[in-house]
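# Remarks on the overall topology
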Amino acid sequence: MFRFAHSTFKSYTQVEPQILVNKDVITISQLAKQLLIILSGVSDNNIRFSDLCRILDTFGFECRIKGSHHIYYKEGIDEIINLQPKGNKAKDYQVKQVRNLVIKYKLGGMLDV
């Protein structure tokens, strides 16, 4: 008779879907949570720069880096997003630009948010 240890069985049943973004493996729920925080608009000045870049990378934006400027663009989207970190945080007006872009082009549907 075979028995599964409770912790082993639990780990198999609670596996979350994962995706690869810039060589980082993250779960869909982490990405969805970050996107919900950005879309809520309640803490624009407290969003990590890396999280904002990860969201744009996930939506298929290409990134060109010149110094500290990260320039994001995508075919079919008219706007170009120019991000620059403020320490390890994103600037609040840049978070607002990304939020407006996600809403305008309905990009959030890619994560079922």
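In this report, we go over the structure that sits alongside the text. Note that the structure is a prediction, hence the values are computed from the model and not measured. (Residues numbered from 1 in each chain as written. Predicted model: local features only at pLDDT ≥ 70, side-chain atom pairs only at ≥ 80, totals over all residues. Heavy atoms only, no water.)

## Quick look at the overall build of the protein chain
The line we're drawing: Numbered from the N terminus, helices here are DSSP runs of H or I no shorter than four residues, and strands are runs of E no shorter than two. Categorising residues by exposure relies on relative accessible area from a 1.4 Å probe, with only protein chains included: less than 20% of the type maximum marks a residue as buried, more than 50% marks it as exposed, and the intermediate range marks it as partly exposed. Should any heavy atoms of two residues lie within 4.5 Å, those residues are counted as being in contact. Residue-level accessible areas treat just the shown protein chains as cover; the underlying method is Shrake-Rupley with a 1.4 Å probe.
If you tally the helices and strands in the protein chain, you get four helices and seven strands. The buried share among the 113 residues of the protein chain stands at 33%. Nonlocal contacts in the protein chain, meaning residues at least 24 apart in sequence, comprise 49% of its contacts between residues at least 6 apart. If you sum the accessible surface of the protein chain, you get close to 7,800 Å²; carbon and sulfur atoms cover 53% of it.

## Some words on the sheet that holds strand β4 (residues 69–73)
This is how it is decided: One requirement defines pairing of two strands: DSSP has to find at least two bridges between them. A fitted line through C-alpha atoms represents every axis, and for helices the fit uses only the stretch in contact; the resulting angles, taken between N-to-C directions, go from 0 to 180 degrees.
Strand order in the open sheet formed by three strands is β3-β4-β5, with antiparallel pairing between adjacent strands. Two strands close off the open sheet at either side, each with one partner strand: β3 (62–66) and β5 (81–83). With direction set aside, neighbouring strand axes in the sheet form an average angle of 25°. Relative to β4, β3 runs antiparallel, the two being bridged by five bridges.

## Details of helix α2 (residues 28–40)
For an α-helix, 3.6 residues make a turn, and residues three or four places apart therefore share a direction. Note the following rule: Here a helix's expected span is defined as the number of its residues, less one, multiplied by 1.5 Å. This arc is built from the directions going out from the helix axis to the C-beta atoms.
The end-to-end C-alpha separation of α2 is 18 Å, in line with the 18 Å expected for 13 residues at 1.5 Å each. Of the residues making up α2, those classed as buried are Leu31, Ala32, Gln34, Leu35 and Ile38. One face of α2 carries all of its buried residues, which in axial projection span an arc of 160°. Residue Gly41 follows α2 closely and has a positive phi angle near 75°.

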